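As a plain string of letters, each chain reads:
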Amino acid sequence: MTDKCVFQWKYKPENYFEEPVLFKTSYGEILLENGSAKLELDIDKFNGDYGIRYTLNEELKIRFDAVLVLSHRPYELSEATICRVNDDGQNEYHLFLHDVVQMNCIDHLDLIVHDENGNIISDTKRDRIEKRKTFSELMFRHKDNAVVKAITNSYASSVYDKKNELIYLYEIRDALCRKFGNEDNIRTSLEISRPMLSSFRKLANDAPINQGRHRGLKYENLRSATEEELENARSTARLMIEKYLLYLEEKLLASNHD
């Protein structure tokens, strides 16, 4: 038997992906199931290169961030431990100090809709899982794009720092403005409606909101944003991220056909 290195992660909630999933990475496939992620690598491919661990940590985080953007559901993910499994059955562990983020989560209420013949015509859980897979693949293909990195990091920050949520969500709009020049160009390039972008800007940038950008600078009396206002802002931010990924995908497909 060839010596192997086994990379292992722990994550919470254990049902974050709602079913076992297998993701491709630069060094093989990672299986995620019941709060545990695992990848096996032949020892000759590892060869003491701990940069592989860093790459795998980053690539796995992309998959979690994809779910976070679509669900607004935080997660806790450890960094990888490495276990060398020798051909004599002995295990050698390499442990690392790491930080994790802990947040509370909200469960989903799922519905399955049948027609009069008993056929499933809508399964909200299945639809959600399939959308996450597609979105995750898009994020992974464009993981090296600087704008993608910036806007997904901003969205993640909005989840973990709720007092400044709208500030971080507005960073997504600002990053795309720098990319496309102005808000009108975002609207036309990404096909997002003018009223949606306008409402987003007014809430995050102009309104007297505690979570907004100009609290205490433009207004003396501030209020907290309602949950409906926050959810509308999150939806617009998610749409901007999704549309930008689709924009990149179209550019990539066009270049491949040239």
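Quick notes on the rules
- Residues numbered from 1 in each chain as written.
- Predicted model: local features only at pLDDT ≥ 70, side-chain atom pairs only at ≥ 80, totals over all residues.
- Heavy atoms only, no water.
- Axes fitted to C-alpha atoms, helices over the stretch in contact; angles between N-to-C directions.
- Helix = DSSP H or I, 4+ residues; strand = E, 2+ residues; numbered from the N terminus.
- Parallel < 35°, antiparallel > 145°, perpendicular 65-115°, else oblique.
- Left-handed = near helix turned anticlockwise from the far one by under 90°.
- Contact = heavy atoms within 4.5 Å.
- Nonpolar A, V, L, I, M, F, W, Y, C, P; charged D, E, K, R; others polar.
- Pairing = 2+ DSSP bridges.
- Phe/Tyr/Trp six-rings, centres within 6.5 Å; stacked < 30°, edge-to-face > 60°.
- Buried < 20%, exposed > 50% of the residue type's maximum accessible area, 1.4 Å probe, protein only.
- Core = buried A, V, L, I, M, F, W, Y, C linked by side-chain atoms within 4.5 Å.
- Polar contact = N/O pair within 3.5 Å; in protein donor to acceptor, adjacent residues only side chain to side chain.

1. Some points on the packing of helix H4 (residues 146-160) against helix H5 (residues 165-180)
- H5 packs onto H4 with a crossing angle of 165 degrees between their chain directions and a minimal axis gap of 7 Å. By the angle between their directions, the pair H4 and H5 is classed as roughly antiparallel. Here H4 and H5 pass one another in a crossing that is left-handed. Taking contact as the criterion, the partners of Val 147, Ile 151, Ser 154, Tyr 155, Ser 157 and Ser 158 in H4 are, on H5, Glu 165, Tyr 168, Leu 169, Glu 171, Ile 172, Ala 175, Leu 176 and Lys 179.
- For the contact of H4 with H5, a count of residues per class yields eight nonpolar, three polar and three charged.

2. Quick notes on the pairing of strand S1 (residues 4-12)
- Where S1 and strand S4 (residues 36-42) come together, seven bridges link them in antiparallel fashion. Bridging across to S4, Lys 10 finds its partner in Ser 36.
- As judged from the five bridges shared by S1 and strand S6 (residues 81-85), these two strands associate in the antiparallel manner. Looking at the pairing, Gln 8 lines up with Thr 81 of S6.
- Note: S1 against strand S5 (residues 76-77), two bridges, orientation antiparallel. In the strand pairing of S5, Lys 12 is matched with Glu 76.

3. A few points about the packing of aromatic side chains
- All chains considered together, the criterion is met by 13 aromatic pairs.
- With a centroid separation of 4.8 Å and an interplanar angle of 80 degrees, the aromatic rings of Phe 17 and Phe 64 are classed as edge-to-face. Of this pair, Phe 17 sits in the loop between S1 and strand S2 (21-25) while Phe 64 sits in helix H2 (residues 51-71), and the two are 47 residues apart along the sequence.
- The class for Phe 64 is buried, based on a relative accessible area of 0%.
- Arranged with centres 5.1 Å apart and planes meeting at 80 degrees, the rings of Phe 180 and Tyr 247 form a pair that is edge-to-face. In this pair, Phe 180 is assigned in helix H5 and Tyr 247 in helix H8 (residues 227-257), connecting sequence segments 67 residues apart.
- An aromatic cluster is built from Tyr 11, Tyr 16, Phe 17, Phe 23, Phe 64, Tyr 75 and Tyr 160, whose rings are joined through pairwise contacts.

4. Quick word on the nonpolar core
- Within the largest apolar cluster, 64 residues are counted, with the highest numbers of intra-cluster contacts made by Phe 7, Trp 9, Leu 32 and Tyr 244.
- Ranked by residue count, the leading element in this core is H2, at 10 residues.
- What Phe 7 contacts, discounting residues up to four positions off in sequence, is Ala 37, Lys 38, Leu 39, Leu 41, Phe 46, Ile 52, Arg 53, Leu 56, Ala 80, Thr 81 and Ile 82.

5. Some points on the environment of Asn 47
- Mapped onto the elements, Asn 47 comes out in the loop between helix H1 (43-46) and H2.
- In this structure, the C-alpha to C-alpha distance between Asn 47 and Cys 5, residues 42 residues apart in sequence, is 9.4 Å.

6. Some details on the side chain of Thr 152
- By secondary structure assignment, the location of Thr 152 is in helix H4.
- You can call Thr 152 buried: its relative accessible area is 7%.
- Those residues in contact with Thr 152, other than ones at most four positions away along the chain, are Met 139 and Ile 241.

7. Looking at the pairing of S2
- Only one face of S2 is covered, namely the face carrying Val 21, Phe 23 and Thr 25; the face carrying Leu 22 and Lys 24 is uncovered.
- Here five bridges tie S2 to strand S3 (residues 28-33), and the two strands are oriented antiparallel to one another. Each residue of the ladder has a partner; that of Thr 25, found in S3, is Gly 28.
- Here S2 hands over to S3 after two residues, the two strands then running antiparallel side by side.

8. Let's talk about the packing of H2 against helix H3 (residues 124-141)
- Two elements in contact, H2 and H3, have axes separated by 9 Å at closest approach and are oriented at 130 degrees. It follows that H2 is oblique to H3 by the angle criterion. Regarding H2 and H3, the two cross each other, and that crossing is right-handed. Here H2 contributes Glu 59, Ile 62, Arg 63, Asp 65, Ala 66, Val 67, Val 69, Leu 70 and Ser 71 to the contact with H3, which in turn contributes Lys 131, Arg 132, Phe 135, Ser 136, Glu 137, Met 139 and Phe 140.

9. A closer look at the environment of Tyr 16
- By the secondary structure assignment, Tyr 16 is in the loop between S1 and S2.
- Each C-alpha atom of the pair Tyr 16 and Asn 34 lies 8.6 Å from the other, and the pair is 18 residues apart in sequence.
- Every residue in contact with Tyr 16, bar those within four places of it in the chain, is listed here: Tyr 11, Phe 64, Val 67, Leu 68, Ser 71, Arg 73, Pro 74, Tyr 75 and Arg 132.
- A distance of 3.4 Å separates the side chain of Tyr 16 from the backbone nitrogen of Leu 68, its partner in a polar contact.
- Here the side chain of Tyr 16 touches Arg 73 through a polar contact of 2.4 Å, landing on its backbone oxygen.

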